[in-house]
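Notes for the structure review
Here are the chains, one letter per residue:
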Amino acid sequence: MFKLRNPVWREVPALRGLWKEAFGDGDAFLDAFFYTAFAPERSLVADVEGEIAAALFWFFCEYAGGRLGYLYGICTRAGYRGRGFCRKLMAAAEKTLVAQGCAGVILVPGNEALASMYAAMGYVSCCPMVERRIYAGQTPLFVEPVSPEAYGALRKNLLPMYGVRQEGINLAFQARLGRLYRGTHCVFAIERTGGKAVLKELLTDGANPEALAAGALAALQIDSATLRRAEINGKMFAMFKP
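Now for a quick tour of the structure. (Residues numbered from 1 in each chain as written. Predicted model: local features only at pLDDT ≥ 70, side-chain atom pairs only at ≥ 80, totals over all residues. Heavy atoms only, no water.)

1. Remarks on the packing of aromatic side chains
Formally: Here a pair means two rings of Phe, Tyr or Trp (six-membered ring of Trp) with centres within 6.5 Å. Their orientation is stacked below 30 degrees between planes, edge-to-face above 60, and tilted elsewhere. Each residue is placed in one exposure class: buried if its accessible area under a 1.4 Å probe, protein chains only, is under 20% of its type's maximum, exposed if it is over 50%, and partly exposed if it falls in between. In our convention, an over-ring charge means Lys NZ or Arg CZ found within 6 Å of a ring centre and within 35 degrees of that ring's normal.
The full count for this structure, using the stated rule, is 25 aromatic pairs. Plain terms: the ring middles of Phe33 and Phe34 are 4.9 Å apart, the flat faces sit at 90° to each other, and that makes the pair edge-to-face. Taking relative accessible area as the criterion, Phe33 reaches 2% and is therefore assigned buried. Overall, the relative accessible area of 3% leaves Phe34 in the buried class. Judged by centre distance (5.4 Å) and plane angle (50°), the ring pair of Phe34 and Phe38 falls under tilted. As far as burial versus exposure is concerned, Phe34 and Phe38 are alike and both buried. A network of ring pairs unites the aromatic residues Trp9, Trp19, Phe23, Phe29, Phe33, Phe34, Phe38, Phe57, Phe59, Tyr70, Tyr72 and Phe173 as a single cluster. Directly above the aromatic system of Phe60 lies the positively charged group of Arg67, at a separation of 3.7 Å from the ring centroid.

2. A few points about the pairing of strand 6 (residues 124-135)
The line we're drawing: Strands were regarded as paired on the criterion that DSSP finds at least two bridges between them. Going along the chain from the N terminus, every DSSP run of H or I of four or more residues is numbered as a helix, and every run of E of two or more is numbered as a strand.
Here strand 6 runs beside strand 13 (residues 235-241); their pairing, made up of five bridges, is antiparallel. Counted as the bridge partner of Pro128 is Met236 from strand 13. Bridge count between strand 6 and strand 12 (residues 224-230): seven bridges; the pairing is antiparallel. By the bridge assignment, Met129 is partnered in strand 12 with Ala230.

3. Examining the packing of helix 2 (residues 27-37) against helix 6 (residues 169-177)
Helix-helix packing is described using two parameters, namely the angle between the two axes and the distance between the axes. The condition is simple: With axes taken as lines fitted to C-alpha atoms, and helix axes fitted only over the stretch in contact, angles between N-to-C directions fall between 0 and 180 degrees. Oblique is the label for any angle not under 35 degrees, not over 145, and not in the 65 to 115 range, which are roughly parallel, roughly antiparallel and roughly perpendicular in turn. Left-handed describes a crossing in which the near helix is turned anticlockwise from the far one by less than a right angle; the clockwise case is right-handed. Note on contacts: a residue pair qualifies if any of its non-hydrogen atoms lie within 4.5 Å across the two residues.
Between helix 2 and helix 6, the shortest axis-to-axis distance is 9 Å and the interhelical angle comes to 155°. Judged by the inter-axis angle, helix 2 sits roughly antiparallel to helix 6. Judged by the twist between their axes, the crossing of helix 2 over helix 6 is right-handed. In contact with Phe29, Asp31, Ala32, Phe33, Tyr35, Thr36 and Ala37 of helix 2, helix 6 contributes Ile169, Ala172, Phe173, Arg176 and Leu177.

4. Side note on the pattern of salt bridges
Test applied: Here a salt bridge means any side-chain nitrogen of Lys or Arg lying within 4 Å of a carboxyl oxygen belonging to Asp or Glu.
All told, the structure shown has 17 salt bridges when counted by the stated rule. Among the ionic pairs, Glu210 bridges to Arg132, the shortest N-O distance being 3.4 Å. Placement of Glu210 in helix 7 (residues 209-220) and of Arg132 in strand 6 is noted, with a sequence separation of 78 residues between them. Arg132 gets classed as partly exposed once you look at its relative accessible area, which sits at 31%. A single salt-bridge network, built from bridges that share partners, covers Arg16, Lys20, Asp27 and Asp31.

5. Re the nonpolar core
The test is simple: Only buried residues count toward a nonpolar core. Its members are Ala, Val, Leu, Ile, Met, Phe, Trp, Tyr and Cys residues joined through side-chain atoms within 4.5 Å.
Counting residues in each nonpolar core, the largest one holds 26 residues, and the members touching the most others are Leu15, Trp19, Phe33, Phe34, Phe57, Tyr72 and Phe173. Listed by contribution, the elements that provide at least two residues to this core are helix 1 (12-23), helix 2, strand 3 (51-63) and strand 4 (66-76). When residues in this core are grouped by element, the largest group, six residues, is from helix 2. Discounting residues that sit within four places of it in the chain, Trp19 has contacts with Gly24, Asp25, Phe29, Leu30, Phe33, Phe34, Phe57, Tyr72 and Gly73. Among the nonpolar cores identified, the runner-up in size contains 24 residues, and Leu44, Leu107, Ala115 and Met121 belong to it.

6. Points about the environment of Met161
Tracing the backbone shows Met161 in the loop between helix 5 (148-158) and strand 8 (164-165). Residue Met161 is classed as exposed on the basis of its relative accessible area of 71%. Between the C-alpha atoms of Met161 and Ser147, which are 14 residues apart in sequence, the distance is 24 Å.

7. Quick notes on a nonpolar patch on the surface
Heads up, the condition is: Surface patches are defined over residues having more than 30% relative accessible area and no salt bridge, joining like charges when they lie within 9 Å and nonpolar side chains (Val, Leu, Ile, Met, Phe, Trp, Tyr) when within 5 Å. Residue exposure ignores everything except the shown protein chains as possible cover, and the areas themselves are Shrake-Rupley values with a 1.4 Å probe.
A surface patch of nonpolar side chains, amounting to about 390 Å² of accessible area, comprises Tyr63, Met161 and Tyr162. Tracing the backbone through its elements, the reader meets Tyr63 in strand 3.

8. Some words on the environment of Pro145
Its location among the elements puts Pro145 in strand 7 (residues 143-145). Taking the C-alpha atoms as reference, Pro145 lies 31 Å from Pro40; in sequence the two are 105 residues apart.

9. Observations regarding unusual backbone geometry
In the Ramachandran plot, Cys127 falls in the positive-phi region, its phi being about 60° despite a non-glycine side chain. Looking at where Cys127 falls in the secondary structure, it is placed in strand 6. Phi at Gln221 is positive, roughly 60°, even though this residue is not glycine. The topology assignment puts Gln221 in the loop between helix 7 and strand 12.

Following this line, the structure appears as structure tokens:
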């Protein structure tokens, strides 16, 4: 027998173990998530006779003026896979989020097999992205680190018309994973892991994003980084279910 329920704080070690088994993330990432972003009321687990067999978590964000639930960290323990626990958790989370006023649910599939599974559950591809390798330019851009609160206020004014609005815990989590900056004509979030840098977001006031990225890398003394940008002709990055 199993039941779906919210976890409790004393189960965080078990949730960390499940996450590490499923995704292979290290303690630095797990600390960032469970110390900053985790909340039992924004989480569901599948409990099989007292053992957590599967789990998922969510954030809230806004898109086109409506509230969305962002499903995150959907995972199942190896011995329980293939028994439909994630599908049941997702259905329960979707029902909860709609009851809490969400206009839909968004998630990012980890691979093509998961994307196919989510498509069969009614999710459609959205949020096209491109990734480009950017090298430090000759002229440093003015940049300075900012708090998640300041970043959110600046970001709101630079978002494209149908950009996803992120604030509060979402940006605090991002700040734990990397750094948030404002610069001339832009804001950006950068992560550095294992010697590699990723500009996970760069929003501009219309100025050339690649030139700004090159200047930002020069200012931060980073030789090169992957720039991730929303572009209409890019590869679909996320999936949405109304």
